[in-house]
Amino acid sequence: MRPSQRLLAAVVVGAVTAALVTGVTGAAEPAAAARPAGDAPVGPSVYATMPQDPLAVVLGSPEFPVYGDGVGDDTAVIQAAIDEASRRGGENWLGNIVGGARGLEVGDGGGLVFVPEGTYRVTARLDLHASVRLVGFGSARPEFYVAPATPAFAGEPEFVFAATRRPFVPGTPVTFGNNDTFGTGLVNVNIVVAEHNPGAVGVRFGGAQMFLLQDVGITLADGYAGIDHNANLLQRVTVRGGQFGLLAFAASPGWQTTILDSTFTGQQVAAIRLHTDAKLSIVRTRFADAAAGIETIPDASQRLVIEDSLFERIAGPVITLNDSASIPATSEPDLVRAQNQLNVLNTGVIDSGPLLRTLPSATTWTSPHAGYRVVEATLGLRVTAALGDAESRSTDVLLDATRAPAAVLERVLRSDIALPPATTDWVNIAEYAAEHGVSVGSGTEGDLAIFQQALDEHDTVYVPMGAYRLTDTLRLGPTNNLIGLHPRQTWLTIPDGSDAFADPDDPRAIVQTPPGGRNTVSGLGLDTAPVNPGSVHVRWQAGAQSQLSDVVTQFVKWAPEEIQPGDPAPGDPGYDHRGVGRYNFWVDGGGGSFLNLWAVAGWADNGFLVENTSVPGRVYEISVEHHRHREVVLRDVRNWVLRAVQTEDHIYGWESQAVELERVRDVTFTNTVFFRVATVLGPYPYAVGIVDSTGVVIPGTRGYRPDNVANTRWGATIADVGSGRSVPELEVAYLGVGAPGPGARPAGLRVGIDDASLRLLPGERAETVLTIANLDPAPLRDVQVTIEGTDDLDVGLGPAPARLLRGDEAGVPVTVAASAMAADGTTSLLASLTFTAQGARTVVEVPFTVRVGADNLALGAPVTASSVLSGNVATNAVDGNVSGGRWVSGAGDPLPILTIDLGAPAVLHEAVIHSGVASSEALRVHTVEVDALIDGAWQQIGRVEANGASPVRVPLQADVPVSEVRLRFTRPSATDGVARVFEVAVLGTR
């Protein structure tokens, strides 16, 4: 047996390159075949070379040697590297939030695992501990590979990577990430799962703020799903194949998720399946060649915003949601309507199924064109001209769509987010400092001078993990970039009680960009310390091409149950500093892109201030929490779009409003969550207060909590502070103040079946109507409707209109007849509407079901008996078992009676009774009368006598629907006075 070759990663600093070199060990020869080439997801490596970072763990280093060839099993070494990164983060306490509390004796800051280019074979789940990030480097992305028929992934769903809740502590239980899990990430890597791994899931990615899937490709052959659960930001992610691309849930603890510049293609069931109020903001994402686009589970409501995206060759509906009527109602329907929130904006559809279908009604909305642009579509409560005399409300589906060629629709995917600066241009601040005879990152010595010098001389400065102390503002030039890779392990701090940050009337920032700059600042944590009333974390004046991303402030929550040793408590002097500082993020005349930010420093008065700017601004996912008076403030602002804004106050910040708008124009907030925690001490009249503002559009809001209603609910979603007018509903699909542009123009096509779930008995017929409404400017010509029946079901159609002009609505009668010999069961039928619009022939299909036969309404129903012999209880008669346990009446009961509560009223057809004992006709029930409770009195609706059969069928006839029946055994058997009943089925329909 030859010795296997293992790969070591040699990190070459200075030129900052990584190479793979060969070592020799005595490990056993790998048994797996080499990974097939050519099926990795398309996607460039955004980090070509690896920086030096002493706190990072390097996969392939002498401490963590790997095969890296796709053949040898690297699972144990990868897990050991993740464990070590977590251990280092717990030991150094950088970025700690929950360490020392909730049973932890270590910090929870996590760390970095650097992964050089290579193919790493994985044979079991890898636990990605809290706040650990894996970052790939190389000319191509490194790949984690699951070979064909790997046992761990051959059965029930299992994850290649799973984000877990706690830092690594040997011997402690491992649980999945939740609302106190922050900062975990996979960056610039691929996951490839070969065939015969039906349970494989690329990543379970559930957690709270600062989670990041960025520049990740996931390819599945027959695997289950690319991503299960979701957290903050999925950016430039590609998922190919599998049954599902994403199984989406509400990001813990209920926040939004942004999917940006991504691709889902080739899914066998659906690109995305929505669970439990997923709240997705989908921007510039392509969906292609899938069985269905985005679909929900039954009975769930969703909040979904899709912008600037493209659906191509989706076989089934592009979007499937539930009917509002099918969603469980809330206790306060005037404030929170039981319905979905859907907004589709500037999105293309090419050669796909209908745009929207709601179930179980199967009502369908689409465009009559093979290729079209959805200008706007909404489902849910729509409030237009809000806060004015013309304010109006609607819950109708709105679809405004126009015909467009594929080449035009492709343009919606053009991104406004630049890739990170090339790593070959990075200057490592630690190396730069060493070259100049100084050291940085002690957390106690001043690092400002060497930082400023490096930025003055070089465009891009990389900051390794550590704590860096700045005594004044770090000022970036117009082309400077400041890059970190882990915001909870890479901190820029200022001294407590610093003179430079003492004046609240002359606020200063830790980091400041120049007016019009093209700066990128990313991957950093910023800490102003408590006693700095003039401090600001970032003062952003950069221009429209700039980017602030993946940045967090220090965590100051002000909850007494969370206070750690040394933290100020109520009554301590330090507590007085809450809300004294100025701002977390201050956009002063600037703009650009803002991604995956967390403003959570409660020392400051507010978290995100934008003022004095008409430079376009684009926010993609921001959490702003725990500030004393205001979370988000916009003053004198126009031309901004803020996506997935989440706010949250706390027990000592109960005076805080979510958003304050003064003199703003043409500002949009999409998919917002305005949250109040259960422990707040008082109410607040509104989430969004506006002064002298117009063109404010809010597609998608959530701001309701049912518990502690006096305090935790907002008084209204939005209010005009001057006039006092407000919109009291707390969950609104679309809310518009003023007119940012032309009003939405209804267009498209609606097709629905009045009753999409027909019920009938053998030999009977049922009728419904297929309704077609054309709201599109294009007339529908040569209209035809077809429905194919089956051997047991004959379908008849009334006349269909040959042509439908704009505004026309027509109903096509549909009759379904079941043969006398039709078997019980449910059959799915398909109504096909075919027409010509602007020269193109189009087919729209609408499914509906036909149920033949009646249901056993007695199965499992509440039942009582006049008497029972021994353990032969009444419930045995409705348990579905016709030959097992029985109900037997007590000896001496002169008239045995079973009474069954059917629940809701139903039309009854017959009762079926299984009775007696095995192989004995003599002990079967002889005479039975069936009564129904009608208008408070029992009326006989069926009878059988002289019976010797089992089962015996008793026809039932009642003039009205019935909800309760009783069976009176007037002659229980032919030989004695005891009733012996295996089962009673009461067949009916509702």
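Everything numeric here is computed off the predicted structure, so don't read it as measured data.

Each value, and the rule that gives it
- Residues numbered from 1 in each chain as written.
- Predicted model: local features only at pLDDT ≥ 70, side-chain atom pairs only at ≥ 80, totals over all residues.
- Heavy atoms only, no water.
- Phe/Tyr/Trp six-rings, centres within 6.5 Å; stacked < 30°, edge-to-face > 60°.
- Helix = DSSP H or I, 4+ residues; strand = E, 2+ residues; numbered from the N terminus.
- Buried < 20%, exposed > 50% of the residue type's maximum accessible area, 1.4 Å probe, protein only.
- Lys NZ or Arg CZ within 6 Å of the ring centre and 35° of its normal.
- 1 Å grid on protein atoms, 1.4 Å probe; cavity = no way out; pocket = protein on both sides within 12 Å on 5 of 7 lines; lining within 4 Å.
- Points joined across faces, edges and corners; volume = space filled by probe spheres on them.
- Nonpolar A, V, L, I, M, F, W, Y, C, P; charged D, E, K, R; others polar.
- Expected span 1.5 Å × (residues − 1).

## Considering the packing of aromatic side chains
Link 1 in the chain: Following the criterion strictly, the structure yields 22 aromatic pairs and no others.
Link 2 in the chain: Ring geometry for Tyr47 against Trp426: centres 5.6 Å apart, planes inclined by 65 degrees, an arrangement best described as edge-to-face. On the criterion of sequence distance, the pair formed by Tyr47 in the loop between β2 (17–24) and β3 (57–58) and Trp426 in strand β33 (residues 426–428) is long-range, its members being 379 residues apart.
Link 3 in the chain: Residue class for Trp426 comes out buried when judged on its relative accessible area of 8%.
Link 4 in the chain: With a centroid separation of 5.8 Å and an interplanar angle of 70 degrees, the aromatic rings of Phe555 and Trp598 are classed as edge-to-face. Placement of Phe555 in the loop between β45 (552–553) and β46 (581–588) and of Trp598 in strand β47 (residues 592–599) is noted, with a sequence separation of 43 residues between them.
Link 5 in the chain: Its relative accessible area of 1% is what places Trp598 among the buried residues.
Link 6 in the chain: Clustering of aromatic rings is evident, with ring pairs tying together Tyr47, Phe114, Phe137, Trp426 and Tyr462.
Link 7 in the chain: The ring of Phe176 carries Arg204 above its face, with NZ or CZ at 3.9 Å from the centroid.
Link 8 in the chain: Over the aromatic face of Trp714 sits the side chain of Arg676, whose NZ or CZ is 4.9 Å from the ring centroid.

## Here's the deal with empty space enclosed by the protein
Link 1 in the chain: Taken as a whole, this structure holds six cavities of 30 Å³ or more when the rule is applied.
Link 2 in the chain: Counted as a void, the largest cavity has a volume near 250 Å³.
Link 3 in the chain: Elements supplying a minimum of two residues to the lining of the largest cavity: β8 (132–136), β13 (212–220), β15 (233–240), β41 (520–522), β44 (547–549) and β47.
Link 4 in the chain: Looking at which element gives the most residues to the lining of the largest cavity, the answer is β15, with three residues.
Link 5 in the chain: Of the residues assigned to the lining of the largest cavity, the class counts are 13 nonpolar, nine polar and three charged.

## Looking at helix α1 (residues 75–92)
Link 1 in the chain: Here α1 spans 26 Å end to end across 18 residues, near enough to the 26 Å set by a 1.5 Å rise per residue.
Link 2 in the chain: Burial of α1 is extensive: 13 of the 18 residues sit out of reach of the surface.
Link 3 in the chain: Remark: Trp93 follows α1 within two positions and exhibits a positive phi of approximately 65 degrees.

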